[in-house]
Structure formats: C-alpha cells, structure tokens
Amino acid sequence: RDRKICEATTVGQTVKILCTICARAGSKGVANKNLRQINSKPLIVYSIEQALATKLFDQIVVSSDSAEIRDVALANGATFAVERPTEMASDAAPKLPAIRHCVETAEKRFGKFDVIIDLDATSPLRHPADIVGALDMLKSTNADNVITGTPAHRSPYFNLVETDRNGIVHLSK
C-alpha cells in the first residue's frame, strides 16, 4: 500500500499509526450532529474520508455511544468501531478519556500503535494534507504532541449567543 510517512528512524521498521475519531450522539447545540447530512453525507464521513485519503493509517477507529454512528462509520470506511461508555459521552465529559478508551480497545484488537492521530468529527473542511503535515511536524520536531488550530478571523467574544425568553437564539454582542 502507498504510505507517505510511515518509515521509522530505525531502518527496516514500520511505524503503526492509529486514527481515532470520537463522535458522541448527544449535543447541546445541534442534536445528533455527527449524523447530520452536509452536502448529502453524514458529517462524520468527512473525517473518515480525510483519514483514508492520507493513506497513513493502519486502522481508523471510531468511538461513539451511538450504534447508528458506529454503523455509519463502518459502512463508510472505518475499520473498527468502539462502543464508548455512557460516562464518557456527556456534555461535561472531557475528550481525552474517550480517546484513551478508544486506543486501549483498538490495541487489544490490533496490537500496539506507535502514533495516535485523533481527528475531530466536526471538521469537514480539513485537508488530508494537513493531517500529513501534522505527522511530518511530529516526526521532524521530536515533539510528544501536535495540536492544530487556525487563527480566528474575529474575536470569539463576538460569536457568543444567548437564548431569549421565547427560546430564540440571538448573538449576544
């Protein structure tokens, strides 16, 4: 298989790379957002397709508390789906324990991985080259982690919303 960046620094070894995508069912803002159709496909499918396009990953594993999200993920190229425990799927639950659970479950099935790349399920405009670039940065800097971001075009303060007494959402500022 054509792998762009998977040679270890030690000659003859291959680096095993896992892609995790965590997609819970609940959402305060948009109900069932990971299955919402965007340009005729569920939101989560974009992250799976981006991961596949890089040709970097030994496995693409989706973690979700929703059987429907897991089924959609498997039908669209994810290689494995992990049932996320309820306590890791609330609005208040941090993401890191969900990623850890996903990795540990995947490693029980596929063996240890050398590199873990977690893709946010709600980033349909990400370019596969950005994923490859993040891995390149990880390797070239000997960093422990690479976290991506983008400059805000305006202050997030001006994107705050409030719900009025009639249940209608308006910009606050």
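Quantities reported herein were computed from a predicted structural model and do not represent experimental measurements.

Burial within strand β4 (residues 59–64) is extensive, with six of its six residues counted as buried. Between β4 and its parallel partner strand β5 (residues 80–83), the chain crosses via helix α2 (residues 67–75), and the hand of that crossover is right-handed.

Before going further, it helps to examine unusual backbone geometry. One non-glycine residue, Asn 39, lies in the positive phi region at around 55°. Among the structural elements, Asn 39 can be located in the loop between β2 (37–38) and β3 (41–42).

The next thing to look at is the state of the cysteines. Counted by the stated rule, this structure contains zero disulfides. Cys 22 takes part in no disulfide bond, and the closest cysteine sulfur, belonging to Cys 102, lies 5.3 Å away. Cys 22 gets classed as buried once you look at its relative accessible area, which sits at 9%.

Turning to helix α3 (residues 95–110), a few remarks are in order. The end-to-end C-alpha separation of α3 is 22 Å, in line with the 22 Å expected for 16 residues at 1.5 Å each. Looking at the buried residues of α3, the elements they touch are β1 (17–22), β4, β5 and β6 (115–120).

Across the protein, the average pLDDT comes to 88, with 92% of residues at 70 or higher. Residue range residues 1–11 is modelled with pLDDT below 50. Its contacts to residues more than four positions away, or to other chains, number 31 contacts.

Reading across the sheet, the four strands line up as β5-β4-β1-β6 and stay open at both edges, with parallel pairing between neighbours. Pairing within the sheet leaves two strands with one partner each, and these edge strands are β5 and β6. Within the sheet, the average angular offset between the axes of one strand and its neighbour, ignoring direction, is 25°. Where β1 meets β6, six bridges bridge the pair, whose relative direction is parallel. Counted as the bridge partner of Cys 19 is Ile 117 from β6.

Basis of the calculations
Residues numbered from 1 in each chain as written. Predicted model: local features only at pLDDT ≥ 70, side-chain atom pairs only at ≥ 80, totals over all residues. Heavy atoms only, no water. Buried < 20%, exposed > 50% of the residue type's maximum accessible area, 1.4 Å probe, protein only. Helix = DSSP H or I, 4+ residues; strand = E, 2+ residues; numbered from the N terminus. Right-handed = clockwise from strand over helix to strand, strands pointing away. Disulfide = S-S within 2.5 Å. Expected span 1.5 Å × (residues − 1). Contact = heavy atoms within 4.5 Å. pLDDT = per-residue confidence, 0-100. Pairing = 2+ DSSP bridges. Axes fitted to C-alpha atoms, helices over the stretch in contact; angles between N-to-C directions.

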